[in-house]
Amino acid sequence: MKRIILTGAHGFVGKALQGFLESRGYQVEALRSRSTGKATMNEATGWIDRDFLENAFAVIHLAGEPIAQRWTAKTKNNILESRRQGTRLLAETLARLQNPPSVFVSMSGINRYGYHRPNEILTETSPTSTAGFLGEVSSAWEDSTQPAHQSGIRTVNVRTGVVLAASGGALKTMLPAFKLGLGGRIGSGKQMMSWIRLGDLVRLIGWIVETPQCQGPINAVSPQPVTQFKFAQILAKTLHRPSFCPTPSWAVKLALGQMAEETLLADLAVLPEAATASGFVFETPSIESALPRALQE
Ligand SMILES: NC(=O)c1ccc[n+]([C@@H]2O[C@H](COP(=O)([O-])OP(=O)(O)OC[C@H]3O[C@@H](n4cnc5c(N)ncnc54)[C@H](OP(=O)(O)O)[C@@H]3O)[C@@H](O)[C@H]2O)c1
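The following paragraphs examine the structure supplied in this document. Along each chain, residue indices are assigned from 1 in the same order as the chain's sequence is written. Since the coordinates come from a predicted model, pLDDT governs what is reported: local features require at least 70, and pairs of side-chain atoms require 80 or more to be given and counted, while whole-chain, interface and lining totals use all residues.

**Notes on the nonpolar core**
As a reminder, the rule being used: The nonpolar core criterion groups buried Ala, Val, Leu, Ile, Met, Phe, Trp, Tyr and Cys residues into a set whenever they are joined through C-beta atoms within 7 Å. Our exposure labels follow a C-beta count within 10 Å of each residue's own C-beta, placed from the backbone: buried means 20 or more other C-beta atoms, exposed means 12 or fewer, and partly exposed covers the counts in between. What counts as a contact is two residues whose backbone-derived C-beta atoms lie within 7 Å of each other.
Core analysis: the largest hydrophobic core is formed by 74 residues, its most contacted members being Val-105, Leu-164 and Ile-205. Apart from the residues lying within four places of it in its own chain, the contact partners of Leu-164 are Leu-171, Trp-195, Ile-196, Arg-197, Leu-198, Ala-290 and Ala-294.

Dropping the structure here:
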């Protein structure tokens, strides 16, 4: 049985990914962060269980301090350093293994394109940006995978959009208001939202693992980004509720500060050009088809 090592295995994406990979016949083993001992790594001290990484077929790296929290100087430092240090530690260790994995898949975000790119269609060949804090984080995160790439390991940076499933992330946060009929657009609602259903994301990561031509940056977003207004309308319709309660941008900025500007109010229309070119087919390419499924996941 082929071994796949997963960091962030107990998180929102990790749990679903582990189940999916096991259903495909892989033996999935978690590498825990922030501790010391067997099958662990500690980004801050540089400890990693190197033997555990030998002879794996793939290493998939999801771990990082949660982004959806109030950004203070301390939390921002944790968000950045957990990714920069953790990814570099892993990539440098993989590069020195006797039997390295065939592929190293490392999470990243669509904020690698910044957060305010109105009237642009963004693909993997578009200019990247370090605008905003998440732009800086994504850039450092991807750069930290370089030691693995330079050692000849096939390395993929999965630039992920808003992951939709009722079990976690943005949808879980929004659902209570929408279920009460209190949902609606955020800000003008004209900003483009690039999203992916959790079920399609785990299928895409599995596809990347099994498809040797997949390398470098790969956008993990559905082929049909929508305006935030349309997203709110379809979500309310799927729940059979009205969506007349807009939230002004000043209110989300007041509640969430800079994070609101770079997430809820971000204007990014990203397309999955590399995934589609490699032959990957989305189960739910449209928001109308995705939301009923996402509400069950
Ligand atoms: N959800 C989204 O919409 C979305 C969109 C774009 C990118 N991403 C990225 O995809 C990855 C997985 O997302 P997710 O939603 O599954 O995140 P999550 O539920 O917050 O899980 C992240 C995992 O990271 C580990 N972790 C938490 N704090 C850490 C710290 N301070 N240092 C090191 N590791 C830490 C934990 O691993 P253990 O399980 O080992 O405890 C946790 O399970 C994250 O890096 C996230 O930024 C997510």
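**Digging into the packing of helix α1 (residues 12–23) against helix α7 (residues 198–210)**
Here is the rule we go by: Note on method: axes are straight lines fitted to C-alpha atoms, helices fitted across the in-contact stretch only, with angles between N-to-C directions ranging 0 to 180 degrees. Secondary structure elements follow DSSP: runs of H or I no shorter than four residues count as helices, runs of E no shorter than two count as strands, and numbering proceeds from the N terminus. With respect to orientation, any angle under 35 degrees is reported as roughly parallel, any angle over 145 as roughly antiparallel, any angle of 65 to 115 as roughly perpendicular, and every other angle as oblique. For any helix crossing, the convention is left-handed if the near helix is rotated counterclockwise from the far helix by under a right angle, and right-handed if that rotation is clockwise. The nonpolar class holds Ala, Val, Leu, Ile, Met, Phe, Trp, Tyr, Cys and Pro. Asp, Glu, Lys and Arg form the charged class, and all remaining residues, Gly among them, are polar.
At a closest axis distance of 9 Å, the pairing of α1 and α7 adopts a crossing angle of 55°. As the angle between them shows, α1 and α7 are arranged oblique. The hand of the α1/α7 crossing is right-handed. Along its contact with α1, which presents Val-13, Ala-16, Leu-17, Phe-20 and Leu-21, the element α7 presents Leu-198, Leu-201, Val-202, Arg-203, Ile-205 and Gly-206. In terms of residue class, the contact of α1 with α7 is built from 9 nonpolar, 1 polar and 1 charged.

**Quick word on the sheet that holds strand β5 (residues 58–61)**
Spelled out, the test is: Any two strands with at least two DSSP-identified bridges between them are counted as paired.
Spatial ordering of the open sheet is given by β2-β1-β5-β6-β7-β11, a layout of 6 strands whose pairing is parallel. Each edge of the open sheet carries a strand with a single partner, namely β2 (27–31) and β11 (216–220). Neighbour-to-neighbour, the strand axes of the sheet open up by a mean angle of 25°, direction not taken into account. Across the sheet, α1 is in contact with β1 (3–7) and β2; its angle to β1 comes to roughly 175°.

**As for the environment of Val-209**
Secondary-structure assignment places Val-209 in helix α7. Looking at Val-209, the number of C-beta atoms within 10 Å reads 24, which means it is buried. Taking the C-alpha atoms as reference points, Val-209 and Thr-155, 54 residues apart in sequence, are found 10.0 Å from one another. If we skip the residues at most four places from it in the chain, Val-209 touches Ala-58, Val-103 and Val-105.

**Some details on the environment of His-116**
Tracing the backbone shows His-116 in the loop between β6 (103–109) and α4 (132–143). Under the C-beta neighbour-count criterion, His-116 is labelled partly exposed, with 16 such atoms within 10 Å. On a C-alpha basis, the gap between His-116 and Glu-283 in space is 28 Å, while along the polypeptide they are 167 residues apart. Leaving out residues up to four positions away in the same chain, His-116 has contacts with Ala-131, Ala-266 and Asp-267.

**Brief notes about the site of the ligand**
Operational definition: Throughout this description, a residue near a molecule or strand is one whose C-beta atom, derived from the backbone, lies within 6 Å of it.
Every one of the 28 residues lining the ligand counts as a neighbour, but Gly-8, His-10, Gly-11, Ser-82 and Val-163 are closest to it. Only α1, α3 (73–95), β6, β8 (162–164) and α6 (169–179) provide two or more residues apiece to the shell around the ligand. Classifying every residue of the shell around the ligand gives 11 nonpolar, 13 polar and 4 charged.

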